[in-house]
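Tertiary structure, described
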Amino acid sequence: EIRLAAAAVISDSAATDSSLADTVAILSKGAGDGSMIAQLAMGYCYQHGVGVTQDTPEAVKLYRECAQRGSESAYNALLAMYNKLRPKGKEFDVSNN
């Protein structure tokens, strides 16, 4: 159920408001119960404002907790968020290239 809800949120297939609210409720409960998939999907929801009010600090919190538990997807989501904020100058380039 959590995997289907996460897929629906990320692919925007939860089209109606009522089904989106149900989907976010499933993910929220799953994240509270410790599901990394639900936590990652809720981070996405908060980052992009899908079914919830956009809340970047909450998205970062969820992604960070998930990344600390070993999720490469959460780590990459955090990295992308931080890279958007990072200035473009060469002195700020932290890539290994």
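Please read these numbers as outputs of a predicted model, since none were measured by experiment. (Residues numbered from 1 in each chain as written. Predicted model: local features only at pLDDT ≥ 70, side-chain atom pairs only at ≥ 80, totals over all residues. Heavy atoms only, no water.)

What follows is about helix α4 (residues 56–68). The first and last C-alpha atoms of α4 sit 18 Å apart over 13 residues, in line with the 18 Å expected at 1.5 Å per residue. Those residues of α4 that are buried are in contact with α3 (36–48) and α5 (72–85). G70 sits one or two residues past α4 and shows a positive phi near 110°. (Helix = DSSP H or I, 4+ residues; strand = E, 2+ residues; numbered from the N terminus. Expected span 1.5 Å × (residues − 1). Contact = heavy atoms within 4.5 Å.)

So, on to the side chain of Q39. One can find Q39 in helix α3. Within the local environment of Q39, its side chain forms a polar contact with the side chain of E65, the two groups lying 2.7 Å apart. If we skip the residues at most four places from it in the chain, Q39 touches A31, L62, E65, C66 and R69. (Polar contact = N/O pair within 3.5 Å; in protein donor to acceptor, adjacent residues only side chain to side chain.)

The next subject is the packing of α4 against α5. For the pair α4 and α5, the least separation of the axes is 8 Å and the interaxial angle reads 140°. Between α4 and α5, the crossing angle belongs to the class labelled oblique. In the packing of α4 onto α5, the handedness of the crossing is left-handed. Counted together, T56, A59, V60, Y63, R64, C66 and A67 of α4 and A74, Y75, A77, L78, M81 and Y82 of α5 form the full contact between these two elements. Broken down by class, the residue content of the contact of α4 with α5 amounts to eleven nonpolar, one polar and one charged. (Axes fitted to C-alpha atoms, helices over the stretch in contact; angles between N-to-C directions. Parallel < 35°, antiparallel > 145°, perpendicular 65-115°, else oblique. Left-handed = near helix turned anticlockwise from the far one by under 90°. Nonpolar A, V, L, I, M, F, W, Y, C, P; charged D, E, K, R; others polar.)

So, about α5. An ideal rise of 1.5 Å per residue puts 20 Å on 14 residues; α5 measures up with 20 Å between its terminal C-alpha atoms. Three or more residues of α5 are buried, namely A74, A77, L78 and M81. Axial view of α5: buried residues confined to an arc of 95°, hence all on one face. Buried residues along α5 sit in contact with α3 and α4. (Buried < 20%, exposed > 50% of the residue type's maximum accessible area, 1.4 Å probe, protein only. Arc of directions from axis to C-beta.)

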